[in-house]
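The lines below spell out each chain.
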Amino acid sequence: MKHSIKHSLPIETAKKATVKAIEAYAERFSKFNPTSDWTTEHAAKIGFEAKGVKLGGVLALREGEVELDMDVPFLFRPFQSKAVDIIDSEIRKWIEKAKNGELDD
């Protein structure tokens, strides 16, 4: 399942905002053991656990968008939109902070 979050930031600023969003998400939802591993300069494997099952996906940074591609097993699809909504909201919040010059380096 792919989901795109549009933005107007330079790609490096978008990465800083995305890293901050992932950190905030990991802190806020620590009980789900969220993980992120930047495999390239502009892509990260992300994951979390729910009901003892590991769920994962890839987050890719592109000019003008952050793309989230989640691999969600059939039994967890009812929860898919909630997870995507939470991730989307966190990334949008940090993109807005970046636009306002509020990112701490």
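Residues numbered from 1 in each chain as written. Predicted model: local features only at pLDDT ≥ 70, side-chain atom pairs only at ≥ 80, totals over all residues. Heavy atoms only, no water.

For the rest of this paragraph, the subject is unusual backbone geometry. For Asn-33, which is not glycine, the phi torsion reads 50° and is therefore positive. Tracing the backbone through its elements, the reader meets Asn-33 in the loop between helix H1 (11–28) and strand E2 (35–40). (Helix = DSSP H or I, 4+ residues; strand = E, 2+ residues; numbered from the N terminus.)

Here we come to the nonpolar core. A general tendency of soluble globular proteins is for nonpolar side chains to be buried together. Residues Leu-59, Val-66, Met-70, Ile-91 and Ile-95 are the most contacted members of the largest nonpolar core, which totals 28 residues. Those elements giving two or more residues to this core turn out to be H1, strand E3 (43–50), strand E4 (53–62), strand E5 (65–71) and helix H2 (77–99). In terms of residue count, H2 provides more of this core than any other element does, eight residues in total. Contacts of Ile-95, omitting those with residues within four sequence positions, involve Ile-5, His-7, Leu-9, Ala-17 and Val-66. (Core = buried A, V, L, I, M, F, W, Y, C linked by side-chain atoms within 4.5 Å. Buried < 20%, exposed > 50% of the residue type's maximum accessible area, 1.4 Å probe, protein only. Contact = heavy atoms within 4.5 Å.)

All right, on to empty space enclosed by the protein then. One pass over the full model with this rule turns up one cavity of 30 Å³ or more. If you add up the space inside the largest cavity, you get close to 140 Å³. Lining the largest cavity are 13 residues, with Ile-22, Tyr-25, Ile-46, Leu-59 and Ile-87 sitting closest to its centre. Where the lining of the largest cavity is concerned, the elements lending two or more residues are H1, E3 and H2. Here the element with the most residues in the lining of the largest cavity is H1; it accounts for four residues. (1 Å grid on protein atoms, 1.4 Å probe; cavity = no way out; pocket = protein on both sides within 12 Å on 5 of 7 lines; lining within 4 Å. Points joined across faces, edges and corners; volume = space filled by probe spheres on them.)

Inspection of the secondary structure puts Ser-30 in the loop between H1 and E2. Counting along the chain gives 18 residues from Ser-30 to Phe-48, while the straight-line C-alpha distance between them is 9.1 Å.

So, on to the side chain of Glu-67. Structurally, Glu-67 can be placed in strand E5. Classification of Glu-67 by relative accessible area gives buried; the value is 15%. Engagement of the side chain of Glu-67 in a polar contact is seen with the side chain of Arg-62, the distance being 3.4 Å. In this view, Glu-67 contacts Lys-2, His-3, Ser-4, Val-58, Leu-59, Ala-60 and Arg-62; residues no more than four positions away in its chain are not counted. (Polar contact = N/O pair within 3.5 Å; in protein donor to acceptor, adjacent residues only side chain to side chain.)

For the rest of this paragraph, the subject is the sheet that holds E3. Across the sheet, which stays open at both edges, the five strands sit in the order E1-E5-E4-E3-E2 with antiparallel pairing between neighbours. Only two strands of the sheet have a single partner each, and these edge strands are strand E1 (2–6) and E2. For this sheet, the mean angle separating the axes of adjacent strands, direction not counted, is 20°. As paired elements, E4 and E5 share seven bridges and run antiparallel to each other. Residue pairing in the sheet places Leu-59 in a bridge with Leu-68 of E5. (Pairing = 2+ DSSP bridges. Axes fitted to C-alpha atoms, helices over the stretch in contact; angles between N-to-C directions.)

So, about the pattern of salt bridges. Oppositely charged side chains can pair when the atoms bearing their charge come close. The final tally for this structure, using the stated rule, is seven salt bridges. Put simply, Arg-92 and Asp-88 hold a salt bridge, and the shortest N to O gap is 2.6 Å. Of the two residues, Arg-92 and Asp-88 are both situated in helix H2; the distance of four residues between them amounts to about one turn of the helix. For Arg-92, a relative accessible area of 39% corresponds to the partly exposed category. Residues joined in a network through salt bridges with shared partners are Arg-28, Glu-90 and Lys-93. (Salt bridge = Lys/Arg side-chain N within 4 Å of Asp/Glu carboxyl O.)

Don't take any of this as a statement about function, it's just geometry.
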